[in-house]
Amino acid sequence: MDTTLKEAVMDIPRIPVKRESRRFGRVLKPEGDLVVGEMNLALGVFQEALLECVRKESSNYAIDLENVTNIDDVGFRFLIAFVKMVNHKYPASGVEVINCQPDVARLLQAKRLDRRSGVKISMKDYVNDVAATNIKRHLLRLGWNRVDREFDAMIREERIRPFFQPIVDLFSQKIIGYEILSRGDPPFESPMEMFIKAEQMGLTWDLEYACRSVALRKIGQFLDILRDSYFFINVSPDIFGDSRFAEGFTLNAMGKYGINRKQVVMEITEEAAFSDYGKMESIARHYVNQGFHIALDDFGSGHSSMAKLISIAPEFIKVDSIIVRDVHKNTYKQMLIKSMVSFADGVESKIIAEGVETWEEMECLLRHGVRYAQGFLLGRPLPLPMPLAPAISENIRLRVDKYNTPQADLDETIQNMVINTTTVPSGRMKCEELDQLFKDSPKLDHVVIIDKARNAQGLITRQGFYTETGGQFGYTLFQKKPVEELTRPDCLVVKEKTAVTVLAKIAMERTTENIYDPVIVSDDEGNCIGTVTIKRLLQRAGELEIDTAIGANPLTKLPGNRVIQRWIMDISREHEFSLVYADLNSFKEYNDSYGFLQGDDIIRLQAQSMCDELPELGGSAKVGHIGGDDFIMVLNSKIPEKNLQNICERFDEGRLRHFNEQDIAQGFYASVNRNGEQVKVPLVSVSLSVITSDSLNYPPHPALLSQIAASLKKRIKKQCAATGASGYLIERRTYE
């Protein structure tokens, strides 16, 4: 057995002899010499197995174990013999404490009391040494009962059953990997009970080692069909920081079962605190450099989540199920999820929501940008890695289409601000029952009355209810009446795709008595899906105004790239749409000849030429300033060519105000090109590159739109250079 355990020192600090309570060895009495003699006899039994066993001083004995091959057997037999000797010779006293110090450098500590033998064993500091761990186990066995011994045998014989639970990419409805969960023999089928028992018995390392071993062995059986899957293997922080883990969880261990290290995700659990974050960072970096992946489990619960997150910089962040549970009913949780998604995007990590059990939770997570999920809704832990059920996949797809994540994250509409609210079926509740409901739920602010089709019939707020039922006779008058008598007849109901800024304006136009009532939100079929509070609505409307102001181009005051990106995402999912990219021809030369101030005027002219056409195109048409002399127009229909021609003519007419008469008369102006040569440059014109839904599959990728626009831009610029006038080019080709 390869072991660094060179020496074990057995110290017998207190052995009361003939009713004397003295530290043995400090005062060598004749009786003490007798005990030492007995100790020598006990050790002498094993002289053939031990290279050397000598008394160092006083009550200390040194045992050389360098070439011992079966330390378990030697250590256990010695302890049994010694305990029997003490109990036989000194039945009234016995051994009170035995300290085992492997390598004379570390002290093992575990505490057990065997009431039958009267032997109390104390050992300190779990050491990073297999041989020392075996000694510890044998010492503990003196106090183990039958269940303890069976549990120990289960670990040693690796009677652990691995279970696979899928982790799903909601956007693609595909399983990206499986978390490997462990189950033990009865009564330790529960992982929690199993690991609690292991901690109590000092066998955490042994249990985790057994779990990893059987997990890797099981994974190896499915590599042919799961070559692209991740396998998440749990590792507790104290084990992760143990040097034995670094030595035992190597590339060789992966190779034994044919597992690619890039498929293994070490999932650092949150059950225990870890104080040395510098060490954890170093260890995490070591494994990442080897090709492994790191995940932080149960984020949001446990010990020092943020510190651990920073120290290990995980590729996957698994949000604890306590945050996911009923997230659709809790605004705080929703804001937390949204912030975590934003943070993860910024540091290039992936958020995985754990414990997803309902479709309501799923929808809420999708609205806030969560892409990966795990839970009973998607698949329970099973002995074999199973594919995603077709019905589950289809349900996910429908919800992804409904709550397009990029659109929801930009938060233009109110759909991701909606929170579930308590609904009351019409004709089912009396006022006295609602009174009790409000008393039982202090944070409940309002309820919505719905009909059989779940269409909203009215709203009752807490304040409005107690205003109506207050006074000397108010409650007596209303307590037996149906709650419908107290609903507001003019409650505001809007569709979930209503723009935030539009709803803010509508809500503020209500009467004074209900101006701050929540707004009821329905889906396209009219079903009530929740409410939006006025506080949150106004807060978000203000944020959007600030975002728009920050993103607006300071020269033209038109929306900038952030808003433009949202427009393109929204419009590209419409049945019909048009995108018009516009930029100026020979603008650099104009700036060089006429100056930047005149150049700014030309850019404003371009913006005005496009904006003046918006009334003709309908309310969906918008113009944005990409930057410099680049602009874009978006609309949810095919743009007529006459409108494109209007833009070109309007610009060509307006540009004459920005050239001198000589240049206008000759149709060009003198400038210096990039090579320093004097050249004749045509008057500035505008090129319009037009992309419509006729040329594209649904929905188009933004990169494809950019590619098509660049191709059109080159062609239309050549045309404008030849004619000296503004022009447009519509893409007629079809892209697969």
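Refer to the structure above for everything that follows.
Residues numbered from 1 in each chain as written. Predicted model: local features only at pLDDT ≥ 70, side-chain atom pairs only at ≥ 80, totals over all residues. Heavy atoms only, no water.

As for the overall build of the protein
How we decide: By definition, any uninterrupted DSSP run of H or I lasting at least four residues is a helix, any uninterrupted run of E lasting at least two residues is a strand, and each is numbered from the N terminus. With a 1.4 Å probe rolled over the protein chains alone, any residue whose accessible area is under 20% of its type maximum counts as buried; one over 50% counts as exposed, and the rest are partly exposed. The contact definition used throughout considers only heavy atoms, calling two residues in contact when any of these lie within 4.5 Å. Each accessible area is a Shrake-Rupley estimate made with a 1.4 Å probe; only the visible protein chains count as cover when residues are assessed.
A tally of helices and strands in the protein yields 28 helices and 27 strands. Per-residue burial for the protein yields a buried fraction of 49% across its 736 residues. Partitioning the intrachain contacts of the protein with sequence separation of at least 6 by distance along the chain shows that 67% fall at a separation of at least 24. Carbon together with sulfur atoms contributes 51% to the accessible area of the protein, which is approximately 36100 Å² in total.

Digging into the sheet that holds strand 22 (residues 622–627)
Strand pairing in a sheet relies on backbone hydrogen bonds, with the paired strands running either antiparallel or parallel. To be explicit about the condition: At least two bridges found by DSSP between two strands is the condition for calling them paired. Throughout, an axis means a line fitted to C-alpha atoms (over the contacting stretch in the case of helices), and angles, computed between N-to-C directions, take values from 0 to 180 degrees.
The strand order 22-23-21-26-27 describes an open sheet built from five strands, whose pairing is mixed. With one partner strand each, in any of the chains shown, strand 22 and strand 27 (727–730) form the two edges of the open sheet. Each adjacent strand pair in this sheet contributes to an overall mean axis angle of 20 degrees, direction not counted. Inspection of the sheet shows strand 21 (residues 578–585) paired to strand 23 (residues 630–635) by six bridges, in the antiparallel sense. Each residue of the ladder has a partner; that of Ala582, found in strand 23, is Phe631. This element, helix 24 (residues 596–611), spans strand 21, strand 22, strand 23 and strand 26 (685–692) of the sheet and lies at about 155 degrees to strand 21.

Details of the nonpolar core
Proteins that are soluble and globular tend to have nonpolar side chains buried together. Put simply, the rule is: Throughout, nonpolar core names a set of buried Ala, Val, Leu, Ile, Met, Phe, Trp, Tyr and Cys residues whose side chains join them through atoms within 4.5 Å.
With 59 residues, the main nonpolar core has Phe240, Met362 and Ile396 as its most contacted residues. Those residues in contact with Ile396, other than ones at most four positions away along the chain, are Val168, Leu170, Gln173, Trp359, Met362, Leu378 and Leu388. One finds Phe587, Met610, Val684 and Tyr728 within the second-largest nonpolar core, a separate group that totals 34 residues.

A closer look at the pairing of strand 20 (residues 528–532)
The buried fraction of strand 20 is high, at four of five residues. Pairing of strand 19 (residues 519–522) with strand 20, which is carried by four bridges, proceeds in the antiparallel orientation. Residue pairing for strand 20: Ser522 is matched across the bridge by Cys528.

What to know about the environment of Thr734
Residue placement: Thr734 occurs in the segment after strand 27. Assessed through its relative accessible area of 53%, Thr734 is described here as exposed. Separated by 38 residues in the primary sequence, Thr734 and Leu696 place their C-alpha atoms 6.1 Å from one another. Beyond its immediate sequence surroundings of up to four residues, Thr734 is in contact with Asp694 and Ser695.

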